[in-house]
Amino acid sequence: MEKDEVKYTRQREEMVRRQIEARGITDPKVLAAVRKVPRHLFVSEALTDQAYGDFPLPIGEQQTISQPYIVAEMTQALQVDEDDRVLEIGTGSGYQAAILAEIVFRVYTVERINSLFIKTRKLFDRLRYHNIVTKYSDGTCGWKDESPFDAIIVTAGAPEIPIPLVAQLAVGGRMVIPVGNQYTQDLIKLYKDEDGIHTTSLGGCRFVKLVGEHGWK
Ligand code: SAH
């Protein structure tokens, strides 16, 4: 067991250097978080030895944990800091939520597949992520009771930006969301200020589908 921890710590360090720093991620808070979170505990036992590889992995229910670099890139783009309240749509394995929970005050995360919701809730408890609040529901409607959010991250591909999420973003807030068809999407960063919303593209990506009332039917 201890031997494994040493091995995984070494693999994680290599992941950060070769995949994340080498591709230009510089935010110290993001780098500290990816150095700390034990990604191998967020995948099934059969896949732990691949957990630090430069690719997404299956997590059951035809869903995936994103490639490490994508998680770092999206987190950096959110420009979060320690006072922020962040909404994540698509809990999945819980890895992205854990990365955010290392940085911000509180993470609210929504998952629409019950088995993933239950499994990941237990993992958060086991790893003592007490600042992650979970909900089983359709995240395309957001989480109105807890809004507004300083940042919103959507980790599934949307046909368009769900209107309720824009409404639940604070003025000065940031959103990162993949938007496109079911095969390829553009990673969109949205910024909301007094004048309205401003969007920029961070480049191409590929995510599983965001399924729900304001997503794919
Ligand atoms: N952030 C996750 C990525 C998981 S893949 C991680 O770090 O592992 C995307 C997840 O989004 C899947 O678990 C899928 O079930 C979920 N999802 C898709 N549509 C959703 C919706 N409308 N509301 C909430 N979750 C959704």
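Just above sits the structure.
Residues numbered from 1 in each chain as written. Predicted model: local features only at pLDDT ≥ 70, side-chain atom pairs only at ≥ 80, totals over all residues. Heavy atoms only, no water.

Caption draft 1: Region of the structure containing the pairing of strand β8 (residues 185–193). The buried fraction of β8 is high, at seven of nine residues. The sheet contact formed by strand β7 (residues 169–180) and β8 spans seven bridges and is antiparallel. Residue pairing across strands places P178 opposite L187, the latter belonging to β8. Between the antiparallel neighbours β7 and β8 lie four residues. Direction of pairing for β8 relative to strand β9 (residues 196–205): antiparallel, over a ladder of eight bridges. Looking at the pairing, K192 lines up with I197 of β9. Counted along the chain from β8 to the antiparallel partner β9, the turn is two residues long. (Buried < 20%, exposed > 50% of the residue type's maximum accessible area, 1.4 Å probe, protein only. Helix = DSSP H or I, 4+ residues; strand = E, 2+ residues; numbered from the N terminus. Pairing = 2+ DSSP bridges.)

Caption draft 2: Summary view of unusual backbone geometry. Cis geometry marks the peptide bond from S147 to P148; its omega dihedral reads 5°. For P148, the location among the structural elements is in the loop between β5 (132–136) and β6 (149–154). For E61, which is not glycine, the phi dihedral falls at a positive 55°. Here E61 lies in the loop between β1 (57–60) and β2 (63–65). Of note, the phi angle at R128 is positive, near 60°, even though the residue is not glycine. Structurally, the position occupied by R128 is in the loop between α5 (114–126) and β5. For R128, a relative accessible area of 64% corresponds to the exposed category.

Caption draft 3: Quick look at the site of the ligand. For the ligand, the set of nearby residues contains 27 residues, the closest of which are E88, S93, E111, G139 and V211. Between the ligand and S93, the relevant distance is 2.6 Å, taken from an oxygen atom to a side-chain nitrogen or oxygen of the residue. Take D138: an N or O atom from its side chain is 2.9 Å from a nitrogen atom of the ligand. Calculation on the ligand without its partners gives an accessible area of 580 Å², and the protein chains cover 99% of this total. Judged by its atoms lying within 2 Å of the grid points, the ligand is housed in the largest pocket. Listed by contribution, the elements that provide at least two residues to the shell around the ligand are β2, β3 (85–89), α4 (95–101) and β4 (106–111). With three residues, the single largest contributor to the shell around the ligand is β2. Residue composition of the shell around the ligand, grouped by class: 10 nonpolar, 12 polar and five charged. (Near = heavy atom within 4 Å. Polar contact = N/O pair within 3.5 Å; in protein donor to acceptor, adjacent residues only side chain to side chain. Areas by Shrake-Rupley, 256 points an atom, 1.4 Å probe, with all protein chains shown as cover. 1 Å grid on protein atoms, 1.4 Å probe; cavity = no way out; pocket = protein on both sides within 12 Å on 5 of 7 lines; lining within 4 Å. Sits in = over half its atoms within 2 Å of the grid points. Nonpolar A, V, L, I, M, F, W, Y, C, P; charged D, E, K, R; others polar.)

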